[in-house]
Protein chains: 2
Amino acid sequence: MTSTELSREAIGGFVEALRAQSRFYHDQHPFHLRMNDGRLSRRQIQGWAANRFYYQVNIPRKDAAILANCPDIDVRRRWIRRIVDHDGSKSGEGGIEAWLRLGEAVGLSRDELRDERHVTPGVRSAVDDYVSFARTRPWVEAVASSLTELFAPDLMAERLAAFERFYPWIERDGLAYFRARLDQAPRDAEHALEVVTTHCRSAAEQQRAVAALTFKCDVLWRMLNAIDQAYPD
Amino acid sequence: MTSTELSREAIGGFVEALRAQSRFYHDQHPFHLRMNDGRLSRRQIQGWAANRFYYQVNIPRKDAAILANCPDIDVRRRWIRRIVDHDGSKSGEGGIEAWLRLGEAVGLSRDELRDERHVTPGVRSAVDDYVSFARTRPWVEAVASSLTELFAPDLMAERLAAFERFYPWIERDGLAYFRARLDQAPRDAEHALEVVTTHCRSAAEQQRAVAALTFKCDVLWRMLNAIDQAYPD
């Protein structure tokens with residue numbers, strides 16, 4: 001066996017270990033299962049949308065923190081696209097705007113989302129921990145933490161189907177954010193996977209990358225815990 | 001006098017105080033005066049270009065740190081342009097690439113610039129302090145620190161004239177970075193000035209903005225001190 005084969009095998013095992021973190025992904029959270037079964041009330045959907053907005057507005061700042069810590073110009077040139085996707089280039093564009101429209105579609109005003117009146121402490125601390133992780137940890141670990149995007153497309157596809165089926169009171173135009181992520185998430189995940197498999201070669205580096213992804217899964221899980229508690233059945 | 005007039009007057013005084021920091025700008029540094037008088041040797045020009053490159057490669061990371069700290073999506077949408085200007089969108093584009101070409105025009109290889117072999121401790125600490133300022137201080141102060149761009153176009157115009165007149169051995173194509181900054185710096189300075197005059201309303205806030213600009217002038221001055229010492233006549 002050549003060293004190239006060995007290395008390819010090692011990378012294969014590493015990618016497998018990353019993908020295996022899907023067992024901690026929030027698609028299996030009780031609140032999420034109830035959402036996709038059509039069992040959430042309008043108020044619960046609203047609470048989820050308003051709290052999740054706090055995550056959305058912080059994503060570009062998380063990605064800018066990664067950019068600030070990254071010395072590789074080629075990685076920066078591709079990573080910056082994420083910020084543009086979320087912020088948009090001008091008023092009325094981007095993922096944050098799309099989430100504001102989702103908020104309107106579920107019956108929340110833009111002000112209600114922007115002033116964070118519905119955001120629970122558990123959601124705030126989970127999101128703040130995520131941004132702080134990107135700011136303070138080595139940039140490759142922060143990139144690894146973004147790899148929940150490996151699991152996102154399936155969740156988005158299921159959510160779109162569930163929303164259209166069980167929550168017909170939500171205007172379909174309000175779901176544009178999820179549709180956009182069906183394309184963006186796989187592209188972003190592919191880049192992030194390329195970065196971590198290039199930069200994490202030792203067992204210790206690979207373990208830290210897997211731990212970063214576990215941490216991110218926990219962030220998303222903690223958010224649903226907090227939302228579930230604040231908006232009980 | 002109406003409160004609007006008072007406020008306009010107060011802003012006028014603030015802008016004047018910012019502009020007055022030009023007295024600390026590095027265009028008056030002895031090394032810079034000798035550069036524009038055509039009195040630098042090839043080795044001194046090379047030393048300056050190689051050390052200044054360390055500043056250039058850190059600028060996008062400084063701007064990304066400001067982006068990461070900035071909660072205002074409209075500011076972020078404009079600020080991100082600076083990162084694209086410096087990094088470029090693909091290989092062969094952007095301000096860092098233009099500086100690498102300047103390096104080649106003065107007789108330095110790309111590797112020589114990239115591996116930082118010529119960078120002096122004084123330059124490294126000055127630049128690192130600047131990036132650290134952007135990372136750790138309130139984002140409006142970091143924006144204020146960028147306002148040396150108010151003074152840059154004059155310096156760039158003089159430098160271009162001096163280089164063409166006194167250093168004809170430097171290929172003219174190598175000066176593209178300075179030409180690009182003639183347009184970029186005023187646009188960037190205008191935006192930064194808009195941000196600080198909007199956000200710094202109290203005397204204390206305005207003083208901190210002026211202090212941030214003094215700090216940045218000192219960063220540039222310290223760089224020339226270090227270069228001057230490393231490359232004496």
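Residues numbered from 1 in each chain as written. Chains lettered and ligands numbered in written order. Predicted model: local features only at pLDDT ≥ 70, side-chain atom pairs only at ≥ 80, totals over all residues. Heavy atoms only, no water.

J.: Tell me about the environment of B:Phe14, and name the residues and values.
T.: Residues and elements named next belong to chain B. Mapped onto the fold, Phe 14 is located in helix H1 (residues 3-19). Note on Phe 14: relative accessible area 3%, which makes it buried. Note: C-alpha distance between Phe 14 and Thr 197 (183 residues apart in sequence) is 7.8 Å. In contact with Phe 14, other than residues within four places in its own chain, are Val 196, Thr 197, Cys 200, Gln 206, Ala 209 and Val 210. (Helix = DSSP H or I, 4+ residues; strand = E, 2+ residues; numbered from the N terminus. Buried < 20%, exposed > 50% of the residue type's maximum accessible area, 1.4 Å probe, protein only. Contact = heavy atoms within 4.5 Å.)

J.: An account of the pattern of salt bridges is needed here, citing residue identities and associated values.
T.: Under the defined criterion, the tally for this structure stands at 48 salt bridges over all chains. For A:Arg101, the salt bridge identified is with A:Glu97, shortest N-O distance 2.9 Å. Here the residue A:Arg101 and the residue A:Glu97 both occupy positions in helix H5 (residues 95-105), the gap between them amounting to 4 residues, near one helical turn. Across the pair B:Lys90 and B:Glu93 runs a salt bridge whose closest N-O atoms are separated by 3.0 Å. Through salt bridges that share partners, A:Arg81, A:Arg82, A:Asp85, A:Glu149, A:Arg181, A:Arg187 and A:Asp188 make up one connected network. (Salt bridge = Lys/Arg side-chain N within 4 Å of Asp/Glu carboxyl O.)

J.: Which residues make up the interface of chain B and chain A, and what are the values?
T.: The accessible area lost on association of the parts is a frequent measure of interface size. Taken together, the contact between chain B and chain A spans 25 residues of the former and 25 residues of the latter. Across the chain B/chain A interface, buried area totals approximately 1,800 Å², and carbon plus sulfur atoms make up 53% of it. Linking chain B to chain A there are 2 salt bridges. Across the salt bridge formed by A:Arg76 and B:Asp87, the nearest N and O atoms sit 2.7 Å from each other. One can count 16 residue pairs in polar contact (both at pLDDT 80 or more) joining chain B with chain A. Elements represented by at least two residues in the side of chain B that touches chain A include exactly helix H3 (42-69) and helix H4 (73-87) of chain B. (Buried area = accessible area lost by both parts, 1.4 Å probe. Polar contact = N/O pair within 3.5 Å; in protein donor to acceptor, adjacent residues only side chain to side chain.)

J.: Quick rundown of the packing of H3(B) against helix H7 (residues 121-136) of chain B? Include the residues and the values.
T.: Angle between the axes and distance between the axes: these two values describe a pair of packed helices. Residue and element names in this part refer to chain B. The interhelical angle for the contact between H3 and H7, taken along N-to-C directions, is 10°, at an axis separation of 8 Å. Looking at the two axes, H3 sits roughly parallel to H7. Where H3 approaches H7, its residues Asn 51, Tyr 54, Tyr 55, Asn 58, Ile 59, Arg 61, Lys 62, Ala 65, Ile 66 and Asn 69 are matched on the opposing element by Val 123, Arg 124, Val 127, Asp 128, Tyr 130, Val 131, Ala 134 and Arg 135. Its residues assigned to classes, the contact of H3 with H7 shows 10 nonpolar, 3 polar and 5 charged. (Axes fitted to C-alpha atoms, helices over the stretch in contact; angles between N-to-C directions. Parallel < 35°, antiparallel > 145°, perpendicular 65-115°, else oblique. Nonpolar A, V, L, I, M, F, W, Y, C, P; charged D, E, K, R; others polar.)

J.: Please set out the state of the cysteines residue by residue, giving values where relevant.
T.: Cysteine pairs can be covalently joined through their sulfur atoms, and such a bond is termed a disulfide. Residues and elements named next belong to chain A. Inspection of the entire model under this criterion finds 0 disulfides over all chains. Just so you know, Cys 70 is unpaired, no disulfide at all, and the nearest cysteine sulfur is the one on Cys 200, 13 Å from it. The exposure class of Cys 70 is buried, given its relative accessible area of 2%. Using a relative accessible area of 4% as the deciding quantity, one classes Cys 200 as buried. (Disulfide = S-S within 2.5 Å.)

J.: Describe the environment of A:Ala209, listing the residues and the values that go with them.
T.: Residue and element names in this part refer to chain A. Looking at the element boundaries, Ala 209 is found in helix H11 (residues 203-230). Each C-alpha atom, one on Ala 209 and one on Thr 197, is 9.5 Å from the other, the two residues being 12 residues apart in sequence. Aside from chain neighbours lying at most four places away, what touches Ala 209 is Phe 14, Leu 18, Ala 144 and Cys 200.

J.: Break down H5(A) for me, citing the residues and quoting the values.
T.: Within an α-helix, residues lying three or four positions from one another point in the same direction, as the helix has 3.6 residues per turn. For H5(A), the tally of buried residues reaches 9 of 11 residues, placing the bulk of the element in the interior. Of the residues making up H5(A), those classed as buried are A:Gly95, A:Ile96, A:Glu97, A:Ala98, A:Trp99, A:Leu100, A:Leu102, A:Gly103 and A:Ala105. Looking at the buried residues of H5(A), the elements they touch are helix H3 (42-69), helix H4 (73-87), helix H6 (110-114) and helix H10 (176-199) of chain A together with H4 of chain B. Backbone geometry just downstream of H5(A) places A:Gly107 in the positive-phi region, at approximately 95°.

J.: How would you summarise unusual backbone geometry if you had to cite specific residues and measurements?
T.: In terms of backbone geometry, most residues other than glycine have negative phi values and most peptide bonds are trans. Residues and elements named next belong to chain A. At Glu 116, a residue that is not glycine, the phi angle is positive and equals roughly 60°. With respect to the element layout, Glu 116 can be found in the loop between H6 and helix H7 (121-136). On the basis of relative accessible area, Glu 116 is assigned to the partly exposed category, the value being 29%.

J.: Would you mind going over empty space enclosed by the protein in detail, with residue names and values included?
T.: Across all of its chains, the model carries 4 cavities of 30 Å³ or more by this definition. Of the voids in this model, the largest cavity is the one considered here, and its volume is about 270 Å³. As for the largest cavity, its lining consists of 23 residues, and the residues nearest its centre are A:Arg52, A:Tyr55, A:Glu149, A:Tyr177 and A:Arg181. When residues of the lining of the largest cavity are traced back to their parent elements, those giving at least two are H3, H4, helix H9 (152-166), H10 and H11 of chain A. The element that contributes the greatest number of residues to the lining of the largest cavity is H3(A), accounting for 6 residues. Classifying every residue of the lining of the largest cavity gives 9 nonpolar, 5 polar and 9 charged. There is about 230 Å³ of room inside the second largest cavity. Around the second largest cavity, the lining comprises 22 residues; the ones closest to its centre are B:Arg52, B:Tyr55, B:Glu149, B:Arg181 and B:Lys216. For the lining of the second largest cavity, the secondary-structure elements that each account for two or more residues are H3, H4, helix H9 (152-166), helix H10 (176-199) and helix H11 (203-230) of chain B. Examining the composition of the lining of the second largest cavity, we find that 6 residues originate from one element, H3(B), more than from any other. A breakdown of the residues in the lining of the second largest cavity according to their chemical character gives 9 nonpolar, 5 polar and 8 charged. (1 Å grid on protein atoms, 1.4 Å probe; cavity = no way out; pocket = protein on both sides within 12 Å on 5 of 7 lines; lining within 4 Å. Points joined across faces, edges and corners; volume = space filled by probe spheres on them.)

J.: Help me get a handle on the relation of the copies chain B and chain A, residues and values and all.
T.: With an axial shift of 0.0 Å and an RMSD of 0.0 Å, the rotation relating chain B to chain A amounts to 180°. On the angle and the small slide along the axis, the relation comes out as a two-fold axis. When each C-alpha of chain B is compared by its distance to the rotation axis, B:Ala64 comes out closest, at 2.6 Å. Both copies present the same face, since 100% of the interface residues in chain B are matched by interface residues at the equivalent positions in chain A. (Least-squares fit on C-alpha atoms with pLDDT ≥ 70 in both.)

J.: I'd like to hear about the packing of H3(A) against H5(A), residue by residue, with values.
T.: Residue and element names in this part refer to chain A. Interhelical geometry of H3 versus H5 gives an angle of 170° and a closest axis separation of 10 Å. Viewed along their axes, H3 and H5 adopt a mutual orientation that is roughly antiparallel. Residue-level inspection shows Trp 48, Ala 49, Arg 52, Phe 53, Gln 56, Val 57 and Pro 60 of H3 in contact with H5, the latter providing Ile 96, Trp 99, Leu 100 and Leu 102. Here the residues of the contact of H3 with H5 are counted per class, giving 9 nonpolar, 1 polar and 1 charged.

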